[in-house]
Amino acid sequence: MESSMRFTEQALGHGSETEVLLVRKQMSERLNELASRDFPLHPQQNPQLEFRVETDGLRRSLQNLGALLTTSTVAHSSVATGEGLRQALVGQQTSVTVTTKDKDGELFRSGNAILQAQLTGPDGATQDGEVTDNKNGTYEVLYTPRHEGEHQLSLRLYGQPLRGSPFRVRAVKPGDVPASPEDVKRRVKSPSGGHIRQKAVRRPSSMYSTNKKKENPIEDEMILRVGTRGRDKGEFSNLQGICASSNNRIVVADSNNQCIQVFSNEGQFKLRFGIRGRSPGQLQRPTGVAVDTNGDIIVADYDNRWVSIFSPEGKFKNKIGVGRLMGPKGVAVDRNGHLIVVDNKSCCIFIFQSNGKLVGRFGGRSPGDKHQSGTLDADFTVFTTHPFGLLLDIPTVFDSSGSFLSYINTMADPLYGPQGLALTSEGHVVVADSGNHCFKVY
């Protein structure tokens, strides 16, 4: 930057008009390159370097004094989940789960990160939360509010606030809390009453390919699991968006592999396309995917800042949203063929025609959110006859008025960082399980 400034100042201050015209192109190129450069706005590392003394090893051998511990987790990518981010009971312990990720959004599967939790009451008094390291990249935070009213829960990783922190938590008396989902579920009408209930289907052993013996033998409602971590066909690395088309195809945005993969509803691999890059037709970070009425595949590319349209065979056709989108995370197609795009960075929802013409937009940051981006999450809800959502890593079913109906049992093979959800033409629920690098059908 200093070099470009000196070069420009010298040319303008000491050069003649002819000399300025001669170097105009060079100056413009250097300044445009600076203007288009993407400077990181968040810490890319954390400061942990800790020496842990191993007393047992010291007794065994003076040569084994301990180990240096460090992680690659950063606060702006890590997330917190749980009802304890919104509501708690006075005098009762409340839990929140923190999932740590690195600067690229990859889930970090080891522990030892330095996480701090602090609860501030309505009277301004503070208390530290109890943090339990699960040694798998997740942490349980426990706190107990002492008074009724509005509290603030601050979660900091290496001194930096987690995404969304501090959280506003309302503490109420135990008698004032609404009925839990389990209580509601017991009162849900039977299928004969007109409500959809998810029936548990015992999946054949051939449909779940793993040699690892389950620690928990509980049978859940999963009928199919597809994929492992890798870069080959049928393998994923941090899959994000997922959708199901009317022609019995499941389309997956394989984010870190910079490609799109297509499967049948039975999980058979059909197609893979996508080349890493920043040119039209290339993918840099696909995070959302949808299929329109023509079968074309619509891809929200977060890092390329546009939406790409491909034919059903994966041939590039067009890109839309260039110059308008800052970080598209999710995309959907309405009954009129409009493309609805959630732009995570600008906190806006854009509506385009299929030819790229902007129809409308709404949303945006409030004036007080100058330092906050990405307040909208995408691809977490799909509305059909009944709304489906991902609540606390559990696919959950509500009726059209928002009343809880049921949830899908995932206990035998838990979800780890679900990022997308869809409903197939057969009525099955498909979930993109990014942490396990697979998708699951229920």
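Small disclaimer: the values here were computed from a predicted structure and weren't measured.

### Overview of unusual backbone geometry
That bond from Ser165 to Pro166 is cis: its omega, 5 degrees, falls within 30 degrees of zero. Looking at the element boundaries, Pro166 is found in the loop between β11 (160-161) and β12 (167-172). Positive phi is not limited to glycine here, since Lys135 has a value of about 65 degrees. Looking at the element boundaries, Lys135 is found in the loop between β8 (130-133) and β9 (138-143). For Cys347, which is not glycine, the phi torsion reads 60 degrees and is therefore positive. Along the chain, Cys347 falls in the loop between β23 (339-343) and β24 (348-352). Given the relative accessible area of 3%, Cys347 is considered buried.

### With respect to the pairing of strand β30 (residues 418-423)
Summarising burial for β30: five of the six residues are buried, a large majority. For β30 and strand β31 (residues 429-433), the ladder comprises five bridges, and the chain directions are antiparallel. Its bridge partner lying in β31, Gly420 is registered against Ala432.

### Focus: the packing of helix α1 (residues 2-14) against helix α3 (residues 24-36)
Contact geometry of α1 with α3 gives a least axis separation of 10 Å together with a crossing angle of 150 degrees. Between α1 and α3, the angle falls in the class roughly antiparallel. Regarding α1 and α3, the two cross each other, and that crossing is left-handed. Across the interface between the two elements, Ser3, Ser4, Phe7, Thr8 and Ala11 from α1 touch Gln26, Met27, Arg30, Leu31 and Leu34 from α3. Grouping the constituent residues of the contact of α1 with α3 by class yields five nonpolar, four polar and one charged.

### A few points about the environment of Gly121
In this fold, Gly121 is placed in the loop between β6 (115-120) and β7 (126-128). Note on Gly121: relative accessible area 14%, which makes it buried. Counting along the chain gives 24 residues from Gly121 to Pro145, while the straight-line C-alpha distance between them is 7.4 Å. With sequence-adjacent residues up to four places away left out, Gly121 is seen in contact with Glu150 and His151.

### Things to note about the nonpolar core
Judged by nonpolar contacts, the single largest core of 20 residues is most densely connected at Ala80, Val96, Val98, Leu153, Leu155 and Leu162. The set of elements that each furnish at least two residues to this core consists of β3 (73-81), β5 (94-102), β6, β9, β10 (149-157) and β12. Once residues within four sequence positions are removed from consideration, Leu153 is found in contact with Gly84, Leu85, Val96, Gln118, Leu119, Tyr143, Ser165, Pro166, Phe167 and Val169. By size, the runner-up hydrophobic cluster in this structure holds 14 residues, among which are Ile223, Ile242, Ala432 and Phe439.

### Focus: the pairing of strand β21 (residues 316-320)
Two elements, strand β20 (residues 306-310) and β21, share four bridges in a ladder whose sense is antiparallel. Considered in β21, the bridge of Val307 is made with Ile320. Hairpin remark: β20 followed by β21, antiparallel, with five residues in the connecting loop; positive phi at Gly314, about 90 degrees.

### Brief notes about the sheet that holds β23
Strand order in this open sheet of four strands is β22-β23-β24-β25, and the pairing throughout is antiparallel. The sheet is open, and its two edges are formed by β22 (328-333) and β25 (358-363), each paired on a single side. Neighbour-to-neighbour, the strand axes of the sheet open up by a mean angle of 20 degrees, direction not taken into account. Where β24 lies against β25, five bridges are found, and the strand directions are antiparallel. Paired with Ile349 across the two strands is Phe362, which belongs to β25.

### Focus: the state of the cysteines
For the structure shown, the criterion picks out zero disulfides. Free of any disulfide, Cys347 has its nearest neighbouring cysteine sulfur in Cys348, separated by 7.0 Å.

### Looking at the packing of aromatic side chains
Where two aromatic rings form a pair, the distance of their centres and the angle of their planes describe that pair. For the coordinates displayed, the defined rule picks out seven aromatic pairs. Between Phe236 and Phe439, the aromatic rings sit 6.2 Å apart at their centres with planes inclined by 65 degrees, giving edge-to-face as the arrangement. Residue Phe236 is found in the loop between β13 (224-226) and β14 (239-244), and its partner Phe439 is found in strand β32 (residues 438-441); the two are separated by 203 residues along the sequence. Each member of the pair, Phe236 as well as Phe439, carries the same accessibility label: buried. Summarising the aromatic geometry, the rings of Phe350 and Phe352 are spaced 6.0 Å apart at their centres and angled 10 degrees between planes, so their arrangement reads as stacked. Taken as a pair, Phe350 and Phe352 share a single burial class, namely buried. One aromatic cluster is present, built from ring pairs that chain together Phe236, Phe263, Phe269 and Phe439. Taking NZ or CZ as reference, Arg30 lies 4.8 Å from the ring centre of Phe7, over its face. In this structure, Lys319 is placed above the aromatic ring of Trp306, and the distance from its NZ or CZ to the ring centre is 4.0 Å.

What counts as what
- Residues numbered from 1 in each chain as written.
- Predicted model: local features only at pLDDT ≥ 70, side-chain atom pairs only at ≥ 80, totals over all residues.
- Heavy atoms only, no water.
- Helix = DSSP H or I, 4+ residues; strand = E, 2+ residues; numbered from the N terminus.
- Buried < 20%, exposed > 50% of the residue type's maximum accessible area, 1.4 Å probe, protein only.
- Pairing = 2+ DSSP bridges.
- Axes fitted to C-alpha atoms, helices over the stretch in contact; angles between N-to-C directions.
- Parallel < 35°, antiparallel > 145°, perpendicular 65-115°, else oblique.
- Left-handed = near helix turned anticlockwise from the far one by under 90°.
- Contact = heavy atoms within 4.5 Å.
- Nonpolar A, V, L, I, M, F, W, Y, C, P; charged D, E, K, R; others polar.
- Core = buried A, V, L, I, M, F, W, Y, C linked by side-chain atoms within 4.5 Å.
- Disulfide = S-S within 2.5 Å.
- Phe/Tyr/Trp six-rings, centres within 6.5 Å; stacked < 30°, edge-to-face > 60°.
- Lys NZ or Arg CZ within 6 Å of the ring centre and 35° of its normal.

Everything listed here is a matter of coordinates, which is why it stays silent on function.
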